Amino acid sequence: MNIGFIGAGQIANTMAYTMQRMEDVNLYAVAARDLDRAQAFAAQYGFEKAYGSYAQMLQDPNVELVYIATPHSHHYEHMMLAIGYGKHVICEKPFTLNKGQAEKVRAFAKEK
């Protein structure tokens, strides 16, 4: 399965390290707000592609699952973005900041 990461911070490091050791997981793409940071992260963990834009990565048809590793305050926005591009999503905790956001994410995912 081709995994794409949104975010290249501390928790992303932990997940990339863990996923490197998993069978049937391909660290395929990483996107960060800064392309240099994404490229450095990709090189460190063996990702095939690096993007300086979340939307660019989400447009890549080879990304099958997106791991959201951005600050909590951005989880809702980034999950909605990934779902909007038809991607499956895993998000670190907290999933959203409140019940209303969680309900909207669930409804949007169900719709898509």
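Counting from 1, residues in each chain are numbered in the order their sequence is written. With pLDDT at 70 or above as the cut-off, local features in this predicted model cover only qualifying residues; side-chain atom pairs require 80 or more to be listed or tallied, and sums for whole chains, interfaces and linings still use all residues. Only hydrogens and water are removed before side-chain values are computed, so all heavy atoms of the structure are retained for them.

Engineer: In this structure, what is going on with the nonpolar core? I would like to understand it.
Structural biologist: Nonpolar side chains in soluble globular proteins generally cluster together in the buried interior. Each nonpolar core is a collection of buried residues, namely Ala, Val, Leu, Ile, Met, Phe, Trp, Tyr and Cys, held together in the definition by side-chain atoms within 4.5 Å. Accessibility here uses a 1.4 Å probe with only protein chains present; expressed as a share of the type maximum, an area under 20% marks a residue as buried, one over 50% as exposed, and anything in between as partly exposed. If you look at the biggest cluster of nonpolar residues, it comprises 18 residues, and the most contacted ones within it are Ile-6, Ala-29, Met-57, Leu-58, Val-63, Val-66 and Ile-68. Numbering goes from the N terminus for both helices and strands, where a helix is a DSSP run of H or I of at least four residues and a strand is a run of E of at least two. Only β2 (26-31), α3 (54-58), β4 (65-68), α4 (75-84) and α5 (99-111) provide two or more residues apiece to this core. It is α4 that contributes the most residues to this core, four residues altogether. By definition in these notes, contact holds between two residues if any of their heavy atoms fall within 4.5 Å. Among residues more than four places away in sequence, those in contact with Ile-68 are Ile-6, His-75, His-78, Met-79, Val-89, Ile-90, Cys-91 and Glu-92.

Engineer: What is the right way to look at unusual backbone geometry in this model?
Structural biologist: For residues that are not glycine, phi is negative in most cases, and the peptide bond is trans in most cases. In this chain, Lys-93 is followed by Pro-94 through a cis amide linkage whose omega measures -10°. Looking at where Pro-94 falls in the secondary structure, it is placed in the loop between β5 (88-91) and α5. Phi is positive for Asp-24, which is not a glycine, with a value near 65°. Tracing the backbone shows Asp-24 in the loop between α1 (10-19) and β2. Relative accessible area serves as the criterion here: at 68%, Asp-24 is assigned to the exposed category.

Engineer: Hey, could you run me through the packing of α4 against α5 in this one?
Structural biologist: Helices that pack against each other are described as a pair by the angle of their axes relative to one another and the distance between those axes. The angle between two axes is taken between their N-to-C directions and runs from 0 to 180 degrees, where each axis is a line fitted to C-alpha atoms and a helix contributes only its stretch in contact. Closest axis-to-axis distance for the α4/α5 pair is 10 Å, and the angle between their directions is 5°. As the angle between them shows, α4 and α5 are arranged roughly parallel. Only Gln-101, Lys-104, Val-105, Phe-108 and Ala-109 of α5 make contact with α4, whose side of the interface consists of Tyr-76, Met-79, Met-80, Ile-83 and Gly-84. In terms of residue class, the contact of α4 with α5 is made up of seven nonpolar, two polar and one charged. For this classification, under 35 degrees means roughly parallel, over 145 means roughly antiparallel, 65 to 115 means roughly perpendicular, and everything else is oblique. Residues are sorted three ways: Asp, Glu, Lys and Arg are charged, Ala, Val, Leu, Ile, Met, Phe, Trp, Tyr, Cys and Pro are nonpolar, and all the rest, Gly among them, are polar.

Engineer: Looking at this structure, I do not really get the pattern of salt bridges. What am I missing?
Structural biologist: It is possible for side chains of opposite charge to pair when their charged atoms get near one another. The salt bridge definition used is simple: a Lys or Arg side-chain nitrogen within 4 Å of an Asp or Glu carboxyl oxygen. One pass over the structure, following the stated rule, counts two salt bridges. Note that Asp-60 and Lys-49 form a salt bridge whose closest N and O atoms lie 3.7 Å from each other. Placement of the pair is Asp-60 in the loop between α3 and β4 and Lys-49 in strand β3 (residues 49-51), with a sequence separation of 11 residues. Take Asp-60: its relative accessible area is 5%, and that puts it in the buried class. Assessed through its relative accessible area of 34%, Lys-49 is described here as partly exposed. Of the charged contacts, one joins Glu-103 and Lys-99 as a salt bridge, the two residues approaching to 3.8 Å between their closest N and O atoms.

Engineer: Got a minute to help me understand the layout of surface pockets in this structure?
Structural biologist: If a probe the size of a water molecule is rolled over the atoms, the empty space left behind becomes visible. There is about 250 Å³ of room inside the largest pocket. Lining the largest pocket are 13 residues, with Gly-7, Arg-33, Tyr-54, Thr-70 and Pro-71 positioned closest to its centre. A class-by-class count of the residues in the lining of the largest pocket yields five nonpolar, five polar and three charged. Here the term cavity refers to a set of points on a 1 Å grid, laid over the protein atoms alone, in which a 1.4 Å probe fits but cannot get out; the term pocket refers to an open set having protein on both sides within 12 Å along at least five of seven lines, with lining residues being those that place an atom within 4 Å of a point. Grid points are joined across faces, edges and corners, and a volume is the space filled by probe spheres set on the points.

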